[in-house]
Amino acid sequence: MINQDDDHQDAQISFYSSSSASRLPYVYSALNEEAQEIRLLTILSNVFASEVQVTLQTHVFAKNTPLQYEALSYTWGSPKDPVDIFVRSPYSQGTISVTQNLAEALRYLRYEDKVRTLWIDAICVNQFDMAERSSQVKRMADIYSVASRVVVWLGPESDDSTMAIECCQLISSNITVDWVRQTMSPASTDTHWANKKAHLPFSGMELAAVSRLLDRDWFKRLWIWQEVNLAPEVIVLCGTNILSWMVIQDAVFSIYVKSWAQYYNIKWSHRRLLYSLCKGPKGLSLDKLIENTKHSVCSDPRDRIFALFSLLSAYDRLLTIEPDYSKPPAQIFEEFTRHYIQGRKHLKILSTIEARDEHSELPSWIPDWSTPRITTPFTRTKFSGLSKASAKFRVDACLEVFGRTIGTIEITEPFRLPKPGSRKSTSRNVSLELQRITSVLNLDGLLDDDSQSLVRLCRVLCANSVLEVISSPTSDYLSFQDATNSLREALRFTTKDLGSDATASMKPFINSVLVNCYGRSLYRCLDGTIGLAPKSVRMGDKVAVWLGCDTAMVLRPFRENQYRLLGEAVYDGAMDGSAFLGPLPERCQLVLIVVKRYDEEHSAWAWRFFHGETGIVSAEDPRLVDIELPLGWRRNSYTEGEFLNDETGERMIYDPRLTTEFLKSRGVALEVFEIV
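Notes on the structure follow. (Residues numbered from 1 in each chain as written. Predicted model: local features only at pLDDT ≥ 70, side-chain atom pairs only at ≥ 80, totals over all residues. Heavy atoms only, no water.)

Mapping Ser-97 onto the fold places it in strand E7 (residues 93–98). When residues no more than four places from it in sequence are discounted, the contact partners of Ser-97 are Pro-82, Val-83 and Asp-84. Of the polar contacts made by the side chain of Ser-97, one reaches the side chain of Asp-84; its length is 2.4 Å. (Helix = DSSP H or I, 4+ residues; strand = E, 2+ residues; numbered from the N terminus. Contact = heavy atoms within 4.5 Å. Polar contact = N/O pair within 3.5 Å; in protein donor to acceptor, adjacent residues only side chain to side chain.)

Encoded structure:
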């Protein structure tokens, strides 16, 4: 059923000079929310230079009532000097003000020989009706996912954008990207395109053009994440040039994995943002989505999570809250954190916290997502093993969690590292800083033969992110042996040596140090254990591991039995759950492998146990192999690594044996941490 706007009559819209004061604003007819109505506009055909005319209609919108339309993804642009478009109908007339960027897009979107129907928020939603805006925002995910395709408008041709698009198309035609394994393979006989060590064969002018294209404002918007990732098809429009979204994805992947030296004019943070956007949200948890979008732009801090809800898995979407713009951001962040932890039974979302002002009135366990974190999260540790969280939210805004204190910090020193990807992030500068900071912490014996101190330091600096932990034959990670050799060279080189070509082989290790250590401190505990912590850490702070939290946490004693949460940490020797279950058997290691879950279309990474002697990879923790599952629980025979409860129907990836009662019975000294 189709109802035409303004008493069900077609409304023709055209560009109209805003200098005429006699024209009143266009009056929208109300949408019927119960009938799930939306408005669609149709651009009438004509030549490019002619006046644009559009019909605006109201439609009943439902997934089982298919509508043929495209959805526009664009940047509103500056609100200065808006363009009025004039609306005529048999019964009324008026103008709608749109930004110049949208007014220009309408001309490029118009066909010469046929009409084109689109959903464009600035016109299809009454921007002066707050109730309608809130209602339509909640439905935007459905609007973009049901559209026949999404059209991305990057803007008109400028800054050699046609040259840049041709370069992107050339890259895409020569490589095939595997986003799960983060590798590319040749798609033509010219195999150098897929060689990450080979520079792209473009001139400086061409590289600059590509950089400017990828630096356009559209790529920086937060809401585009759902607009392009929910669509069945995406095309990109830049002036008169049209290309597929996959071309952009392939080009971004190639640029990201190849030498950064070619792209110093693209900020490191923006390169990571582009990479994450093009990789997409498949299989990502909310904390990783928050991290990947932290440099995206939005006008409302509440959108830091609201804009991500539609990208979550079906299970995680059940744990979201209703978007409510009447509540302040701090209240939204608190309500969501409570709800998510209680539903997910996991504390990893707290790893998004970085230390805030000690005088802040907010509890330290509430993330402040309005400010992007400086550090890069740790993703290759499993301090809690396969346990689920045991957490309680008290009425006095205190969070209680179970875990263990594993260290008290004796000495700490912040890293003085250049920003990753900057011109100063050289092997020379990083090596000199490693020499300085290890001297401050009095880490002796690092250059001794077969030094275990060097091995431990290397594991910490790499935050366990090495090839041996990523069990994939095509994985492109730094091996632990190569990392250790590079660390030894970095600590041994003189200033003169560090200017030579000998440092080229160290670059992968240097990049790993920059990513993991920038914005952090190196610490040593009373027992000599070393690790990485937030820059604000100081002597006397505690390192703790919690059930249901993949990373270690740094806590500051506050009052008796109470602590403030400073942020996540790396602590050598406990990254595989050994703080709760003891060490793994000899030649057994916790690794990440690619698996395909029963309810997911695409593959994802999952933790498994690799037995070096037999080569067997298993989801069963060898430290629990002799312990029976609790009554009612069994392993899911269809999905490895999942547990089912036949009595309750509950299904989870956490081991039901790892309860507080079970751990206490094994002599584990669990503590209750009160986080304020």
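The subject of this paragraph is the sheet that holds strand E23 (residues 616–618). Within the open sheet, the three strands sit side by side as E21-E22-E23. Their pairing is antiparallel. Two strands in the sheet have a free side with no partner beyond their single neighbour: strand E21 (588–595) and E23. Strand-to-strand twist across the sheet, computed as the mean angle between neighbouring axes with direction ignored, equals 45°. Bridge count between E21 and strand E22 (residues 604–611): eight bridges; the pairing is antiparallel. Each bridged residue has a counterpart across the sheet, and for Gln-589 the counterpart in E22 is Phe-610. (Pairing = 2+ DSSP bridges. Axes fitted to C-alpha atoms, helices over the stretch in contact; angles between N-to-C directions.)

The next thing to look at is the sheet that holds strand E25 (residues 643–645). Here three strands make up an open sheet; going across it, the order is E24-E25-E26 and the pairing antiparallel. Every other strand in the sheet has two partners, leaving strand E24 (633–635) and strand E26 (651–652) as the edge strands with one partner each. In this sheet, E26 lies alongside E25 in antiparallel orientation, the contact comprising two bridges. Residue pairing for E26: Leu-644 is matched across the bridge by Arg-651.

As a further point, take unusual backbone geometry. In this structure, Asp-450 takes a positive phi of about 55° despite not being glycine. Structurally, Asp-450 is set in the loop between helix H15 (427–440) and helix H16 (452–461). A positive phi is found at Arg-587, a non-glycine position, where the angle reads about 65°. Along the polypeptide, Arg-587 turns up in the loop between helix H19 (578–581) and E21. By relative accessible area, Arg-587 is classed as exposed at 52%. (Buried < 20%, exposed > 50% of the residue type's maximum accessible area, 1.4 Å probe, protein only.)

The subject of this paragraph is the packing of helix H6 (residues 161–172) against helix H7 (residues 204–214). With their axes 8 Å apart at the nearest point, H6 and H7 run at an angle of 95° to one another. In terms of orientation, H6 lies roughly perpendicular with respect to H7. On H7, the residues that touch Ser-161, Met-163, Ala-164, Ile-165, Cys-167 and Cys-168 of H6 are Met-205, Glu-206, Ala-209, Val-210 and Leu-213. Along the lines of polarity and charge, the residues of the contact of H6 with H7 split into nine nonpolar, one polar and one charged. (Parallel < 35°, antiparallel > 145°, perpendicular 65-115°, else oblique. Nonpolar A, V, L, I, M, F, W, Y, C, P; charged D, E, K, R; others polar.)

Attention shifts here to the pattern of salt bridges. What the rule picks out here adds up to 35 salt bridges. The closest approach of N and O atoms between Asp-287 and Lys-348, which form a salt bridge, is 3.7 Å. Remark: Lys-348 occurs in the loop between helix H14 (329–344) and strand E14 (391–393) and Asp-287 occurs in helix H11 (residues 286–292); sequence separation between them is 61 residues. Each member of the pair Asp-287 and Lys-348 is classed as buried. Its salt-bridge partner being Arg-492, residue Glu-489 comes within 3.3 Å of it at the nearest N-O pair. Separated by three residues within a single helix, Glu-489 and Arg-492 lie in helix H17 (residues 480–492), roughly one turn from each other. Glu-489 sits in the partly exposed class, given a relative accessible area of 26%. Residue class for Arg-492 comes out partly exposed when judged on its relative accessible area of 44%. Shared partners join several salt bridges into a network, and the residues in it are Glu-291, Lys-294, Arg-373, Arg-520 and Glu-568. (Salt bridge = Lys/Arg side-chain N within 4 Å of Asp/Glu carboxyl O.)

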